[in-house]
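Structural overview
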Amino acid sequence: MAVPKRKSSHARKMKRRSNVWKLQAPALSKCPNCGEWKAPHRVCSNCGTYRGREVIAKAED
């Protein structure tokens, strides 16, 4: 069984593990109808459209 010759330092160990915990920014795309940023493959929360069709009827203010 392979055994390390020297103890790996805390800094070295944490440097190796640091990439696992990074958060990624959410993917966003612009709504072709209103131009608002939205999650891809989701209904636009601003205008209620998805792929050119009105899915959710929004109340006009």
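Analysis parameters
- Residues numbered from 1 in each chain as written.
- Predicted model: local features only at pLDDT ≥ 70, side-chain atom pairs only at ≥ 80, totals over all residues.
- Heavy atoms only, no water.
- pLDDT = per-residue confidence, 0-100.
- Helix = DSSP H or I, 4+ residues; strand = E, 2+ residues; numbered from the N terminus.

Mean pLDDT over the protein: 89, with 97% of residues reaching 70 or higher. Considering each helix and strand of the protein separately, the mean pLDDT is smallest for strand β4 (residues 53-54), with a value of 88, and largest for strand β2 (residues 37-38), with 96.

What follows covers the environment of Val20. Among the secondary structure elements, Val20 is positioned in the loop between α1 (10-17) and β1 (29-30). Through-space distance from the C-alpha of Val20 to that of Val3 is 24 Å; in sequence the pair is 17 residues apart.

The next point concerns unusual backbone geometry. Notably, His41 is not glycine yet its phi reads approximately 65°, a positive angle. Considering the arrangement of structural elements, one finds His41 in the loop between β2 and β3 (49-50). One non-glycine residue, Arg51, adopts positive backbone phi at about 50°.

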